[in-house]
Amino acid sequence: MSLINIFSDYTLRTVALGSALLGAMSGVIGTYAVLRKQSLVGDAVSHAALPGIGIAFLLTGSKNIEWLLLGAFISGWLSIYIVNIIIKHSRVKYDSALGMMLSVFFGLGLVILTYIQKIPDSNQAGLEGFLFGQASTLLKRDVIVMSIVGGAIIIIVALLWKEFKLLSFDPEFCQVSGFPKEKLDLILTTLIVIAIVTGLQTVGVVLMSAMIIAPAVAARQWTDKLSVMVILSSVFGGLSGVIGTIISSSTRNLPTGPVIVVIISAISIISLFIAPGRGIIWRRMRDKKNKKRLNRNIILNNIYNLSTEGNGTQGYSLEDLSISKGDFNFPINALEKELENLETLDLVKVKDNIWYITEKGINEIEDFRGGLGE
């Protein structure tokens with residue numbers, strides 16, 4: 001029913017569209033943060049935006065969203081600028097500097113908000129909503145702003161595709177190739193700050209970092225190609241925005257922002273388990289298959305070596321084939337099970353509890369040893 005309401009309910013449609021735009025925008029720019037191992041940037045900037053919101057209100061006395069987001073942008077960008085100064089002129093590492101700025105700015109923001117709440121002015125009510133977001137308050141003009149900002153981010157990423165790609169995968173080569181590495185880094189960081197500030201009204205300073213990181217993490221599990229990763233990340237982010245809006249609208253007093261974050265987190269966790277190639281389940285299956293193949297080759301190699309030392313047609317008992325030296329040691333029962341598996345593949349044969357290697361088995365182990373260069 002809620003899915004149908006998206007097309008008929010103006011408020012629900014506005015919130016869903018705004019959340020989808022935020023998710024798609026965050027997915028695109030978050031890809032570069034994840035690839036550059038700067039996932040903590042999103043967390044630091046989103047938390048650092050809080051004092052900017054408070055100061056903007058104190059200076060203007062208005063809750064006009066444009067002024068509040070401008071203050072958030074300046075505060076968030078300033079935090080990253082200070083981080084760069086710290087790591088450039090001290091021995092403090094990047095992640096430590098980010099963590100320090102996150103704590104300092106967020107603490108300052110809470111102090112400012114507490115001060116504002118004690119001012120005898122009813123106009124300050126609602127500012128605390130920026131902590132966890134107020135997606136339900138999105139208006140048509142907010143969606144238009146998100147569309148413009150998201151479109152601008154996508155255009156800039158497209159124009160600087162080659163440069164951002166090089167900066168993400170090989171920053172040293174980017175610099176020696178003559179590209180303005182520091183300027184590119186500044187542009188990319190600024191885009192991340194803009195995306196985060198734009199999403200504060202929807203999911204808040206506490207949860208916005210998840211919207212930057214989670215879609216890209218999920219997309220990374222499904223592909224090794226940057227263009228596909230950017231598209232998938234954008235789709236995952238937009239999809240989580242729509243689904244989160246639908247779920248929150250169908251349950252009373254269920255906040256939209258946290259639900260959206262739960263949905264994109266679930267998509268990331270599912271991707272971590274089932275994505276082909278990188279997923280945990282797929283890796284376990286691949287490791288199990290490789291282990292079986294390794295065991296098969298070890299046993300075939302053992303029979304082959306014994307046959308080479310003998311007359312080439314001699315059979316061997318389980319005791320003869322037991323590997324008791326080296327790094328590999330098969331108990332008798334495990335060895336028998338592996339030999340039975342080899343028999344089903346027609347690589348060995350058994351007669352009167354004596355095992356023989358077949359012509360097919362000889363060819364397979366010779367091909368295997370040839371691949372190893374022996």
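Here, every reference points to the structure presented above.
Throughout what follows, the structure given in this document is the object of discussion.

Conventions and cut-offs
- Think of each chain on its own: its residues are numbered from 1, step by step along the sequence as written.
- Local features in this predicted model are restricted to residues of pLDDT 70 or higher, and side-chain atom pairs are both shown and tallied only at a pLDDT of 80 or more, whereas totals for entire chains, interfaces and linings draw on every residue.
- Side-chain figures throughout are based on the complete set of non-hydrogen atoms in the structure, without hydrogens or water.
- Whether a residue is buried, partly exposed or exposed follows from its accessible area with a 1.4 Å probe, protein chains only, as a fraction of its type maximum: under 20%, in between, or over 50%, in that order.
- Runs of H or I in DSSP of at least four residues are treated as helices and runs of E of at least two as strands, each being numbered from the N terminus.
- Two residues qualify as a contact provided that any one of their heavy atoms is within 4.5 Å of a heavy atom in the partner residue.
- Points on a 1 Å grid over protein atoms alone make up a cavity when a 1.4 Å probe fits among them but cannot get out, and a pocket when they form an open set with protein on both sides within 12 Å along at least five of seven lines; lining residues each have an atom within 4 Å of a point.
- Grid points are joined across faces, edges and corners, and a volume is the space filled by probe spheres set on the points.
- Charged residues are taken to be Asp, Glu, Lys and Arg, nonpolar residues to be Ala, Val, Leu, Ile, Met, Phe, Trp, Tyr, Cys and Pro, and polar residues to be all remaining types, Gly included.
- Patch membership needs two things, relative accessible area over 30% and no salt bridge, and members are linked within 9 Å if like-charged or within 5 Å if nonpolar (Val, Leu, Ile, Met, Phe, Trp, Tyr).
- Per-residue accessibility takes into account occlusion by the displayed protein chains alone, with areas from the Shrake-Rupley method and a 1.4 Å probe.
- Note on definitions: salt bridges are taken to be side-chain nitrogens of Lys or Arg within 4 Å of carboxyl oxygens of Asp or Glu.
- Here Asp and Glu are counted as negative and Lys and Arg as positive; His is not counted, and neither are the chain ends.
- A single reference atom marks each charge: NZ on Lys, CZ on Arg, CG on Asp, CD on Glu.
- By convention, a stacked pair of Phe, Tyr or Trp rings (six-membered ring in the case of Trp) has centres within 6.5 Å and planes under 30 degrees apart, an edge-to-face pair has planes over 60 apart, and any other such pair is tilted.
- To qualify as a nonpolar core, a set must consist of buried Ala, Val, Leu, Ile, Met, Phe, Trp, Tyr and Cys residues joined through side-chain atoms within 4.5 Å.
- DSSP bridges decide pairing: two strands pair if at least two such bridges lie between them.
- We call two N or O atoms a polar contact when they sit within 3.5 Å, provided that within protein one can donate a hydrogen and the other can accept it, with sequence-adjacent residues counted only if both atoms are side-chain atoms.
- For helices, the axis comes from a line fit to the C-alpha atoms of the stretch in contact; other axes are also lines fit to C-alpha atoms, and the angle between any two N-to-C directions lies between 0 and 180 degrees.
- For classification purposes, an angle smaller than 35 degrees is called roughly parallel, one larger than 145 roughly antiparallel, one from 65 to 115 roughly perpendicular, and anything else oblique.
- The sense of a crossing depends on the near helix, which, turned anticlockwise from the far helix by less than a right angle, makes the crossing left-handed and, turned clockwise, makes it right-handed.

### Focus: helix H7 (residues 161-169)
Each full turn of the α-helix corresponds to 3.6 residues, which orients residues three or four apart in the same direction.
Thought 1: Inspection of H7 places Glu-163, Phe-164, Leu-166, Leu-167 and Ser-168 among the buried residues, and these make up the whole buried set.
Thought 2: Close packing links the buried residues of H7 with helix H2 (10-35), helix H6 (140-159), helix H8 (171-176) and helix H9 (181-198).

### As for the layout of surface pockets
With a probe scaled to a water molecule rolled over the atoms, the places where space remains empty come into view.
Thought 1: A volume near 750 Å³ is recorded for the largest pocket.
Thought 2: Taken together, 21 residues line the largest pocket, and the ones lying closest to its centre are Asn-84, Ile-87, Lys-181, Glu-182 and Asp-185.
Thought 3: A per-element tally of the lining of the largest pocket places helix H4 (residues 65-89) first, with eight residues.
Thought 4: Across the lining of the largest pocket, the residue classes break down as nine nonpolar, six polar and six charged.

### Here's the deal with a negative patch on the surface
Thought 1: Side chains of Glu-336, Glu-340, Glu-343 and Asp-346 sit close together on the surface and give a patch of like negative charge.
Thought 2: The residue Glu-343 is located in helix H15 (residues 332-344) in this model.
Thought 3: On the basis of relative accessible area, Glu-343 is assigned to the partly exposed category, the value being 34%.

### Examining unusual backbone geometry
Thought 1: Despite not being glycine, Lys-37 shows a phi value in the positive range, around 55°.
Thought 2: A residue is classified by how much of its surface remains accessible, and Lys-37, at 73% relative accessible area, is exposed.

### Observations concerning the packing of aromatic side chains
Thought 1: Applying the stated criterion across every chain, the model contains two aromatic pairs.
Thought 2: Judged by centre distance (5.7 Å) and plane angle (65°), the rings of Tyr-32 and Phe-164 are edge-to-face. Taken together, the residues Tyr-32 in helix H2 and Phe-164 in helix H7 connect sequence positions 132 residues apart. Across this residue pair, the class does not change: Tyr-32 and Phe-164 are buried.

### Some points on the nonpolar core
Thought 1: By size, the foremost hydrophobic cluster in this structure holds 71 residues, and its most contacted members are Ile-29, Ile-153, Val-157, Leu-200 and Met-208.
Thought 2: The greatest single-element share of this core, amounting to eleven residues, is contributed by helix H10 (residues 200-220).
Thought 3: When sequence neighbours within four positions are dropped, the list of residues in contact with Ile-29 reads Ile-153, Val-157, Leu-188, Leu-191, Ile-192, Ala-195 and Ile-212.

### Notes on the pairing of strand S1 (residues 348-351)
Every other side chain in a regular strand lies on the same face of the sheet, so the side chains alternate between the two faces.
Thought 1: Note that S1 and strand S2 (residues 354-357) share four bridges and pair antiparallel. Within S2, the residue paired with Val-348 across the bridge is Ile-357.
Thought 2: Counted between consecutive antiparallel strands, the loop separating S1 from S2 contains two residues, among which Asp-352 sits at a positive phi close to 55°.

### Let's talk about the side chain of Gln-221
Thought 1: Among the structural elements, Gln-221 can be located in the loop between H10 and helix H11 (226-250).
Thought 2: There is a polar contact of 3.1 Å between the side chain of Gln-221 and the backbone oxygen of Val-217.
Thought 3: Residues contacting Gln-221, with those up to four places away along its chain left out, are Ser-271, Leu-272, Ala-275, Pro-276 and Arg-278.

### What to know about the packing of helix H3 (residues 39-60) against H10
Thought 1: At a minimum axis distance of 6 Å, the contact between H3 and H10 shows a crossing angle of 165°. Of the possible angle classes, the one that applies to H3 and H10 is roughly antiparallel. Crossing hand, H3 versus H10: left-handed. On the side of H3, the interface is formed by Ser-39, Gly-42, Asp-43, Ser-46, His-47, Ala-49, Leu-50 and Ile-53, while H10 contributes Leu-200, Val-205, Val-206, Met-208, Ser-209 and Ile-213.
Thought 2: Considering only residue class, the contact of H3 with H10 consists of eight nonpolar, five polar and one charged.

### Thoughts on a nonpolar patch on the surface
Thought 1: Nonpolar side chains collect at one region of the surface, where Trp-222, Ile-269, Ile-270, Leu-272, Phe-273, Ile-274, Ile-280, Ile-281, Trp-282 and Met-285 lie side by side and expose about 890 Å² of accessible area between them.
Thought 2: Those elements that provide at least two residues to the nonpolar patch are helix H12 (256-274) and helix H13 (280-309).
Thought 3: By residue number, the principal contributor to the nonpolar patch is H12, which donates five residues.
Thought 4: Turning to its location among the elements, Phe-273 is positioned in helix H12.
Thought 5: By relative accessible area, which is 39% here, Phe-273 ends up partly exposed.

Functional significance is not addressed by these values, which are geometric in nature.
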